[in-house]
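Here is how the chains run, residue by residue.
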Amino acid sequence: MFDLRFQTRFDDMIIATHGRSAWVMDDIRPLQELTRAQAAGHYVFQPRTAYQYNTTELAEGNYTNYGGDNPPGGAIVNFFQRQAGGRPPAIDIFDARGQLVRHYAGKHPVGTSGKKVAWVTNIAGVNRFIWDFTENPITPWSGAASKRARLPSIASGVVPGSYTARGTFSNGQSLSRSFLVKPDPDAPWTQADYETAYRFGKSSLAMLDAMNKGFNAIDAQIQRLKKVKSAAATAAAQSGSALESSLAANYKNDEDSIMYPPKTYEDIQGLAFASGS
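Quantities reported herein were computed from a predicted structural model and do not represent experimental measurements. (Residues numbered from 1 in each chain as written. Predicted model: local features only at pLDDT ≥ 70, side-chain atom pairs only at ≥ 80, totals over all residues. Heavy atoms only, no water.)

(A) The sheet that holds strand 1 (residues 3–7), seen in detail. Reading across from one edge, 1-2-3 is the order of the three strands in this open sheet, with antiparallel pairing throughout. In the strand order of this sheet, the two ends are held by strand 1 and strand 3 (22–25), each with one partner. Shown here is a sheet whose adjacent strand axes are inclined to one another by a mean of 20°, direction ignored. In this sheet, strand 3 lies alongside strand 2 (residues 12–16) in antiparallel orientation, the contact comprising four bridges. The partner of Met13 across the bridge, within strand 3, is Met25. (Pairing = 2+ DSSP bridges. Helix = DSSP H or I, 4+ residues; strand = E, 2+ residues; numbered from the N terminus. Axes fitted to C-alpha atoms, helices over the stretch in contact; angles between N-to-C directions.)

Right, here's the structure in full:
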């Protein structure tokens, strides 16, 4: 190690080596408060202020090839447990009014393989969780052609403001910490702009959620009708499929949106995504 410095604004530790490399340890508060956490047994460290950075990279060339990884894209919630719990802890995020924004517990499927992993790690010692600034996702269309579309992954992004992270450990103990979410300092938008975009995206996702629930109900009814095996039931099932086809292009692959025109469902998706949801 050649040199060691501390970035006090974000509590980062920067290490320079003789090999002309630089290493950054993001948010070293867990190291600073480790003794206190060990004495408590269960502990949630104070999250630092989180920024909703615009991570679009416009530069190209040799200089960018030497860029290091960015810090985690979200709010960092570090917590300590002396021993691994009987089950992973749960993490809840609340807004300034005390309304639940996001709940993380148990496992969730990753990718199209269907493999499930825990939302929150459960090891003895310091654990790190990243909240990606999103609310609880809307209901997915479980019968969508795309496997990725069947996952509960579409959600509204939150606006800058004050939030609280609550960790609930397997012994039932809950600990909370409040923190701030701030906008990208280089962004030109006002708080009112963020809130207007949020309301627009939220209304679009509400329509999408209602359509997904309707499609799920139609799909369930189609499966029941197929078991009846009568002419009338077959005709009714075909009518349900035709209704879905009239409302959704139901893309299976990423390139399908280039080859086939969207329908009402995809148009609403476009509105939601355009607003940042």
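(B) Structural view of helix 4 (residues 191–228). Spanning 38 residues, helix 4 covers 56 Å between terminal C-alpha atoms, matching the ideal 56 Å at 1.5 Å per step. Of the residues trailing helix 4, Lys229 is marked for its positive phi of about 60°. (Expected span 1.5 Å × (residues − 1).)

(C) Structural context of the sheet that holds strand 6 (residues 75–81). Taking strand neighbours across the sheet as the criterion, the three strands line up as 4-6-11 in an open arrangement whose pairing is antiparallel. Of all the strands in the sheet, the pair left with one neighbour each is strand 4 (42–44) and strand 11 (125–131). Averaged over all adjacent pairs, the angle separating strand axes in this sheet is 20°, with direction ignored. Bridging between strand 6 and strand 11 involves seven bridges; their strand directions are antiparallel. Residue pairing in the sheet places Ile76 in a bridge with Ile130 of strand 11.

(D) Examining unusual backbone geometry more closely. Notably, Lys229 is not glycine yet its phi reads approximately 60°, a positive angle. Phi angles above zero are rare outside glycine, and Asn250 is one such case at about 55°. Relative to the elements of secondary structure, Asn250 occurs in the loop between helix 5 (231–247) and helix 6 (256–259).

(E) Local environment of the pattern of salt bridges. Considering all chains together, one arrives at nine salt bridges under this definition. Linking Asp3 and Arg5 is a salt bridge whose minimum nitrogen-to-oxygen distance equals 3.3 Å. Classification of Arg5 as exposed rests on a relative accessible area of 54%. Taken together, the salt bridges that share partners define one network made up of Asp11, Arg29 and Glu33. (Salt bridge = Lys/Arg side-chain N within 4 Å of Asp/Glu carboxyl O. Buried < 20%, exposed > 50% of the residue type's maximum accessible area, 1.4 Å probe, protein only.)

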